[in-house]
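Coordinate inspection notes
Each chain is listed here by its residues.
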Amino acid sequence: MEEARFETQQADTRRCIQTQNYITKDLRSKSEMEKSISTFVKTEDLIKKFEPELAVIDGKISYRFQWKTEGLFMCTATGLVFGLKGSGCVEYSVAHWDMRLLINTHYEPAGPLFDIKTPAGEIDELHLPHCETHVDAIGSLSVVHIHNEDTWEFLSPNRISTTHIVVNEPDMSPTQQRLWVFLLPSNVPLSEIKEQQQQYVFIQTSSDCKLQINAKYTLISKKAKRVQPKEKLFEPLHAGNHHPAFEVFLDKDVIELRIKIQLKIKESDTINFKNAWKRLIILKKNTDDHAQMRYEEHSNIQVNCKTWISALGEIMEDLKSEEFKKLKHLMTHTGKRHPICSMRLEETKERCELVTLVVKTWGFKESVKAIHEFMKELPRNDEFVTDRLKPYVRLFGLEG
């Protein structure tokens, strides 16, 4: 697992923190932030410092910490704070930022990047050090959990202090799946959300319900191993990025579950909950485009991100010089998606390098969609190209 971070500097410049899979943005008011910081200061009194075990492997320093009791423990070498349960062991190191990951994004680093593994035991939460000094800007820090280079997941911070940003520990094992639930006002078009969340699988279900502005809601599901946050304030949304209200952790073999969104009602000294929305949700197996192997119907062709890179490489190599030049031009004038920087394309001389750049920039699904469109515009509709595109076009339902 890797951890990193980014933060908003201007209207369209943000920073975040990297792990193994996502991205979020915290827009709390200054008073809320100051309250959060004071809460964190109280928590710091409970933190125990430790000297990690050191090892140097291929010139890179790695750290190791074993614990026998639960509690909060701070590494004196890195500033990382682990919220730990029971007993166990954690291994971690500081990684180097690959700035190519941020091409065509509005994010920049706001703290170190960590590679964290837990061979044994359980981490309940992580306190990640950040370098932001302005209280107003601290509220827009985010944490991104990266499972691999083309799969990002942004995590909603539990709280932020002047030195650390705290998140519930993202799962470091492939034995779980996640479900993200959005609470959206009616003036936010669903197409806008789907466009912003293209790396994830959209689950169609009826969503009609009435939610109260500035009211608090919770998500309940018996099959959920964990739901975060515990409650969410439903606020008016403005133009820009929209982030999920709830993150639901499920066992890998769960294929259906019942979900309730409940309104939290405080009356006198009593707190009650009223159902605002409830549905049976069907999860199809093998819906992770980036980690699960896919097989095309009536064929023995294995279809996944690695095989796509190979197929795309073959397509690139077969393009004539003028076709390759036109393809680069199309990548800078996409219209539907973030274009690839023309300077970056000029630096990319080898065709295999362009394959890597395309998949890193747009991810598995979106790169298939883009190449499918570009081949029509070149045009390259011959069998050599279409035969290599067909399994991935069918995989993502792009045949129409």
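You'll find the structure just up there.
Just so it is clear, the model here is predicted, and its values are computed rather than measured. Numbering of residues starts from 1 in each chain and follows the order in which that chain's sequence is written. Only residues with pLDDT of 70 or above have their local features reported here, since the model is predicted, and side-chain atom pairs are shown and tallied only from 80 upward, although totals for entire chains, interfaces and linings are computed over all residues. Excluding hydrogens and water, the side-chain figures rest on all heavy atoms present in the structure.

1. Looking at the sheet that holds strand β17 (residues 232-233)
One open sheet holds the 4 strands; their spatial order is β17-β15-β19-β20, and the pairing between them is antiparallel. Looking at strand neighbours, the two that pair on one side only are β17 and β20 (270-282), the edges of this open sheet. Each pair of strands is called paired provided DSSP finds at least two bridges between the two strands. To qualify as a helix, a DSSP run of H or I must reach at least 4 residues; to qualify as a strand, a run of E must reach at least 2; elements of each kind are numbered from the N terminus. Two strands pair when backbone bridges link them, and strand β15 (residues 216-220) and strand β19 (residues 256-267) are joined in this way by 4 bridges, in the antiparallel orientation. Looking at the pairing, Ile220 lines up with Lys260 of β19.

2. Quick word on the packing of aromatic side chains
The criterion for an aromatic pair is that two Phe, Tyr or Trp rings (for Trp, the six-membered ring) have centres within 6.5 Å, with stacked assigned to planes under 30 degrees apart, edge-to-face to planes over 60 apart and tilted to the rest. Applying the stated rule across the entire model yields 10 aromatic pairs. For the pair Trp308 and Tyr392, a centre-to-centre distance of 5.1 Å together with 55° between the ring planes defines the contact as tilted. Here Trp308, found in helix α4 (residues 305-318), pairs with Tyr392, found in helix α8 (residues 383-395); they are 84 residues apart in sequence, far enough to count as distant. Each member of the aromatic cluster is reached from another via a ring pair, and the members are Phe50, Phe65, Trp67 and Phe73. The criterion for a charge sitting over a ring is simple: Lys NZ or Arg CZ within 6 Å of the ring centre, and within 35 degrees of the ring normal. Of note, Arg226 hangs over the ring of Phe249, and the distance from its end group to the ring centre comes to 5.5 Å.

3. Some details on the nonpolar core
Among buried residues, those of type Ala, Val, Leu, Ile, Met, Phe, Trp, Tyr and Cys that are joined through side-chain atoms within 4.5 Å constitute a nonpolar core. Under the scheme applied here, a residue whose accessible area is under 20% of the maximum for its type counts as buried, over 50% as exposed, and between as partly exposed, the area being computed with a 1.4 Å probe on protein chains only. Trp308, Met316, Leu327, Met331, Leu354 and Met375 are the most contacted members of the largest nonpolar core, which has 33 residues in total. Within the residue set of this core, elements represented by two or more residues are α4, α5 (321-332), α7 (351-377) and α8. Take this core: its biggest share by element is 12 residues, from α7. We call two residues in contact when some of their heavy atoms are within 4.5 Å. Discounting chain neighbours no more than four positions away, the residues touching Met375 are Ile315, Leu319, Leu327, Arg380, Asn381, Val385 and Leu389.

4. Looking at a nonpolar patch on the surface
Patches here are clusters of residues that have more than 30% relative accessible area and form no salt bridge, with a 9 Å joining cutoff for like charges and a 5 Å cutoff for nonpolar side chains (Val, Leu, Ile, Met, Phe, Trp, Tyr). Here, Shrake-Rupley sampling with a 1.4 Å probe gives the accessible areas, and only protein chains in the shown set may cover a residue. Every case where a carboxyl oxygen of Asp or Glu lies within 4 Å of a side-chain nitrogen of Lys or Arg is listed as a salt bridge. Together, Leu54, Val56 and Ile61 make up a nonpolar patch on the protein surface, roughly 310 Å² of accessible area in all. Take Ile61: it is sitting in strand β5 (residues 60-67).

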